[in-house]
Amino acid sequence: MADFGEILENIGDFGLFQKLVLFALCFPNLMLPFQLSSLVFNHADTNHHCNVDWILQVGPNLTKEEQLNLTLPRLPDGSFYPCQMYMPVDWDLSAIQEYGLNETTTCTEGWVHNDTIYDSTIVTDFDLVCENANIYRGAQTIYFAGVLVGAILFGPLLESFGRKRAIQIAMVLMLIFTAVTGLSPNFYVYLASQFIVGVTLGGFRINSIVLATEWIGVAQRSYAACLSQVLAAFGQVIFLAVVYFNRDWRINQFIMTAPLGFIVIYIWFIPESARWLLDRGRTTEAKELIQKAAAINKRTVPDSLLEEVLKKKPVEKGGIKTLFASRVLRKYFLTLTFAWFAVILAYYSLSLNVGRFGLNIFLNQLIFGLSEIPVHFLCMWSLEAAGRKVSLMGALIVGGLLCLLTLAIPQSNYIAIATLATCGRFLMNAGGSICNVYFQELFPTSIRQTATGLGSTAARAASMLSPVVNLLEIYHYTIPTLVIGSLALASGILAFLLPETRRTELPDSTEAAEGKRRPKMSSPATKDCEDITATKL
C-alpha cells in the first residue's frame, strides 16, 4: 500500500507550497523571543533606596546628597543601604546634624528608584525590591508554568482539534494578553496575563513544528525546527534594539503587539496537515489539500497513487495510553524527554543569568542572540551529515562539560566565564532543535502531537524550574552550574539508546514507529542499504 511519502515525492516534498507554509509558521518566531527577553529586561533591578522625604519637613533646603547622608546608613563599601533607613525623629535639623541618627528601620515610606538604565520596569512600577525582591523570580516561574500548561493543553488535550486550529487559538490569545500585560494596573494582573501568554507560546511552538514537519519531505525535514529557531535568534537581536532605544517596559509590550496582529490575520489561511486529516479518516479534505499543494508546486500526482493513499483505513487510536503501552515507544519517549528537560533547564538558567556574567546586560544579550543564528545552520548541517543521534549526544555532552568548566575559572574573569557560558548555551540551543526534530520522526501521526506535547511539558517544567535552580546560588554559587551541567552529561550518555532516524519517512502507524515496518527512504537505495537502515531502526 502506498504511503504519504510517495505523495510528497510526486507533488514536491519541498516546493513553493512547503516553503510558504514553513515561512508562515516560522515568522511568528521573530516575535516569540520578545516574550522571554522581556523577563530579563522588564524585571531588571534598580539602584533604589528608601524614601526619606520626611527630612524635608525639618530641612526643606537640603541638597539630595545631604538628605541621603543624614537619613540612610551605609554599607561597608560606602554605598547606601537599599532597604534600610534611620528612623524618623522629631528633632530639629541642627540636632540631627550635630548628633546624627542611629536607630534603623525598614523603608516605611516606600522607595526611590534611581535607575540610570531603564525609564520603567515592573520593579519600579510595582516596587519589587527589598522584602519583595524575589517576587519577580516568582513572575518568571508563573510565565514558564503557563508554557508548561500550554504544552499539555495544546498537545494531548487538543490532539483531536488538529494542528491548524490549535495554532490559531494560541495566536489570538497571545495577541490579546500581550496587550493586557502592558496595561496591567497591578502585579497580580501582570502575573495572570503573563501566565496566559506562556500558555499560548507553548501551544504555538508545539503545533507549528508538527504541522510544518508533516508537509515536508525527509531531506529538508530539519528545517521545520531549525529555521524557526534561526528567526527566534534574530528576534532576540531585534528586541534588544527595541529595548535599547526605548526603556519603558509598557511601551515595549505594545510594540510586541503590533506584529502579532498581522500574524493573527494571515494564520487563518494556513493549511491543515494532510497527514493528520488522513489519520482521522477525513480523506476528502486531505485530497483537496494534496491537489492544492501539487498545483502550487506545478506538479501532478497520478490518480492511481492518490486513490491508493486515500483509501479508507481504520482510524488508529492515539493518546497517552498508546504511547506508554508500547515498550519501544515508551523507551524512546522517556529517553528523549529527559534530554529535552536537561537542555531547556540549562538554556533558561543561562539565559536568565545574562546580567550576571560581569559584562553589560545589553552586550551579553547581543552576544547570546547573535550566537544563536549560526548554531541552527550548523545544526541543520550536523543533522544531515552526522545524524540525529550523534548530534544530540555531542550537543549535550560537550555543552554540559562547558558549563561545568566555568566553575574552574576565577569569578573575576568575566570574559572567560561569559565565553564558556555562551558556548554552552549555544550547544544547548542546538540540542533543543534536535529534540524537536527527533520527536517528529520517532512517533506515529496518531500520537505525534501528544508525544511532542508531553515532551514539551517536561521541557517547560525545566524552564519553570530554572529560576528556582538559579536561586540555589544563595547556598553556594556553584550549585546551579553543577545541576545543569551534570544533567546535560547524563542525558547525553542516555541518548545512546535512541535509534537513528535520518532520511527515513515519518511513521504513520505505531507498527512503523516501533520498527516492525521499514519506513520508506527519501530516495531509491539498494536493498543492502535498506536492510542496514531497517536493522538500525
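Rules of the game
Residues numbered from 1 in each chain as written. Predicted model: local features only at pLDDT ≥ 70, side-chain atom pairs only at ≥ 80, totals over all residues. Heavy atoms only, no water. Core = buried A, V, L, I, M, F, W, Y, C linked by side-chain atoms within 4.5 Å. Buried < 20%, exposed > 50% of the residue type's maximum accessible area, 1.4 Å probe, protein only. Helix = DSSP H or I, 4+ residues; strand = E, 2+ residues; numbered from the N terminus. Contact = heavy atoms within 4.5 Å. Axes fitted to C-alpha atoms, helices over the stretch in contact; angles between N-to-C directions. Parallel < 35°, antiparallel > 145°, perpendicular 65-115°, else oblique. Nonpolar A, V, L, I, M, F, W, Y, C, P; charged D, E, K, R; others polar. Patch = residues over 30% accessible without salt bridge, like charges linked within 9 Å, V, L, I, M, F, W, Y side chains within 5 Å. Areas by Shrake-Rupley, 256 points an atom, 1.4 Å probe, with all protein chains shown as cover. Salt bridge = Lys/Arg side-chain N within 4 Å of Asp/Glu carboxyl O. Disulfide = S-S within 2.5 Å. 1 Å grid on protein atoms, 1.4 Å probe; cavity = no way out; pocket = protein on both sides within 12 Å on 5 of 7 lines; lining within 4 Å. Points joined across faces, edges and corners; volume = space filled by probe spheres on them. Polar contact = N/O pair within 3.5 Å; in protein donor to acceptor, adjacent residues only side chain to side chain.

Participant: Explanation requested: the nonpolar core in the structure shown.
Facilitator: In a soluble, globular protein the nonpolar side chains are often hidden away together inside. In terms of nonpolar packing, the biggest core is built from 102 residues, with Ile 7, Ile 11, Met 171, Trp 215, Leu 392 and Phe 443 touching the most fellow members. Here this core takes 15 residues from helix H16 (residues 327–352), the largest share from any one element. If near-sequence neighbours (up to four positions away) are discounted, Phe 443 is found in contact with Leu 323, Leu 329, Tyr 332, Phe 333, Arg 448, Ala 451, Pro 507 and Ala 513.

Participant: In this structure, what is going on with the packing of helix H9 (residues 187–215) against helix H10 (residues 223–245)? I would like to understand it.
Facilitator: For any two helices packed against each other, one specifies the inter-axial angle together with the distance between the axes. Between H9 and H10, the shortest axis-to-axis distance is 8 Å and the interhelical angle comes to 130 degrees. By the criterion of interaxial angle, the relationship of H9 to H10 is oblique. Between H9 and H10, the contacting residues are Arg 205, Ile 209, Ala 212 and Thr 213 on the first element and Ala 224, Ala 225, Ser 228 and Gln 229 on the second. Here the contact of H9 with H10 is composed, by residue class, of four nonpolar, three polar and one charged.

Participant: Teacher, can you tell me more about the environment of Leu 465 here?
Facilitator: Within the secondary structure, Leu 465 is located in helix H20 (residues 445–471). Put simply, Leu 465 and Leu 345 are 120 residues apart on the chain and 7.2 Å apart in space, counted from C-alpha to C-alpha.

Participant: I tried to follow a nonpolar patch on the surface on my own but got confused; where do I start?
Facilitator: A surface patch of nonpolar side chains, amounting to about 300 Å² of accessible area, comprises Val 149, Ile 152, Leu 153 and Leu 157. Take Ile 152: it is sitting in helix H7 (residues 135–153). According to the relative accessible area criterion, Ile 152 is partly exposed, its value standing at 31%.

Participant: I would appreciate a short explanation of the state of the cysteines in the present structure.
Facilitator: For the structure shown, the criterion picks out two disulfides. Here Cys 83 connects covalently by a disulfide to Cys 130, the sulfurs 2.1 Å from one another. Between Cys 83 and Cys 130, the S-S dihedral sits near -95 degrees, and the bridge is therefore left-handed. In this pair, Cys 83 sits in the loop between helix H4 (64–71) and strand E2 (84–86) while Cys 130 sits in the loop between helix H6 (122–126) and H7, placing the two residues 47 residues apart along the sequence. Cys 83 gets classed as partly exposed once you look at its relative accessible area, which sits at 26%. Residue Cys 130 is classed as buried on the basis of its relative accessible area, which comes to 15%. Regarding the disulfides, the chain carries the connectivity 1-3, 2-4 under sequence-order numbering of its bonded cysteines. Free cysteine Cys 226: the closest other cysteine sulfur is in Cys 379, separated by 3.9 Å. With relative accessibility at 0%, the residue Cys 226 sits in the buried group.

Participant: I keep staring at empty space enclosed by the protein and nothing clicks. Help me out?
Facilitator: If a probe as big as a water molecule is rolled over the atoms, it shows which places are left empty. Per the stated rule, a full pass over the model turns up six cavities of 30 Å³ or more. The computed volume of the largest cavity comes to approximately 400 Å³. Together, 26 residues line the largest cavity, and Arg 205, Gln 229, Tyr 347, Tyr 348 and Arg 460 are the ones closest to its centre. When residues of the lining of the largest cavity are traced back to their parent elements, those giving at least two are helix H3 (32–41), H7, H9, H10, H16, helix H17 (361–385), helix H19 (414–442) and H20. Its residues placed into classes, the lining of the largest cavity shows 14 nonpolar, nine polar and three charged.

Participant: I'm lost on the side chain of Glu 514 in this one. Help?
Facilitator: Relative to the helices and strands, Glu 514 resides in the loop between helix H22 (510–513) and helix H23 (527–536). Within the local environment of Glu 514, its side chain forms a polar contact with the side chain of Ser 326, the two groups lying 2.5 Å apart.

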